[in-house]
Amino acid sequence: MTRIISVVTPVYDGGDEYLCEAYESLRDERDRLPDGWDVQWLVQEDGTTGRPLNALPSQSWISPGQGSKGGAGATRTMALSRATGELVRTLDADDVIAPGGLARDIAAMEEHPEMGWCVSAGLDLLPDGSKVAGPYDPPEGPLAYETLLRAFDEDRFPVMGQHLTARTSLLLAVGAWPTLPAWETVAVVLLCAAVSDGWMIETPGGHYRKHPAQTTAQPAYVGITDADQLRVVVRAQAEALRATGWRWHAGG
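None of these values were measured; they are calculated from a predicted model.

Per the stated rule, a full pass over the model turns up 5 aromatic pairs. With centroids separated by 6.4 Å and ring planes inclined at 25°, the aromatic side chains of Tyr23 and Trp41 adopt a geometry described as stacked. Here the residue Tyr23 occupies a position in helix α1 (residues 19-30), and Trp41 occupies one in strand β2 (residues 37-46), the gap between them amounting to 18 residues. Residue Tyr23 is classed as buried on the basis of its relative accessible area of 12%. Ring plane angle 85° and centroid distance 6.3 Å describe the contact between Phe152 and Trp183, whose orientation is recorded as edge-to-face. Of the two residues, Phe152 is situated in helix α4 (residues 145-153) and Trp183 in the loop between α5 (168-173) and α6 (184-195); the sequence distance between them amounts to 31 residues.

This is the structure:
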């Protein structure tokens, strides 16, 4: 039986300029996966216009969907209604998977079955085509909750939540992506880490495109007025989950 990694991509009407490049990176990745594995691409519109989905080819491994507008976190979470994979990987509509990225995610999860998630380093893809590594990338190895929480408090979060791969059961158990106005990709990493150690893959797993139209470059995001409240909520939610003492483990 084929094993599946479900890749979740939220997109909004007008935000599909680079969606075809995301598709091409995933199409090429399918040929690099370990034997017995395949990709399910869940492309979910944040809205119901249908327009950003029109560029997608009609292929069996692509599952388009749409729903009420709710922001990127809610859109990713709603896509899980169609997920068939035992693993879920994030991919933004303007980013691409680095060659071999999914295969390395799968290998890490296979080699560390006790861990519920992994995350790979990223490269910022600049408008001139150059690529720049992140400033705080940890070395290859285990990632503990305490390390991530301390880095969050110091505003030096070391990993990109856009490169998270999690076991589906863990992702669902922590509530998937919170419906926050920003930082939902950071929050979900902290939530996963609160109940399960993860693994850092030092080889970049994707290219994070920097461009003027991206959501995180908009003034409303960069200068978010409730950042202090947001920081408190993200931390409190992770700490509350940690305090329950529940630990995720495979099979239940």
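Its 12 residues give α6 an end-to-end C-alpha distance of 17 Å, which sits within 8% of 16 Å, the value for a rise of 1.5 Å per residue. Among the 12 residues in α6, 12 count as buried, and that is most of the element. Of the positions making up α6, those classed as buried are Glu184, Thr185, Val186, Ala187, Val188, Val189, Leu190, Leu191, Cys192, Ala193, Ala194 and Val195. On the buried face of α6, the contacting elements are α2 (72-79), β6 (117-125), α4, β9 (164-167), α5 and α8 (227-243).

Analysis parameters
Residues numbered from 1 in each chain as written. Predicted model: local features only at pLDDT ≥ 70, side-chain atom pairs only at ≥ 80, totals over all residues. Heavy atoms only, no water. Phe/Tyr/Trp six-rings, centres within 6.5 Å; stacked < 30°, edge-to-face > 60°. Helix = DSSP H or I, 4+ residues; strand = E, 2+ residues; numbered from the N terminus. Buried < 20%, exposed > 50% of the residue type's maximum accessible area, 1.4 Å probe, protein only. Expected span 1.5 Å × (residues − 1). Contact = heavy atoms within 4.5 Å.

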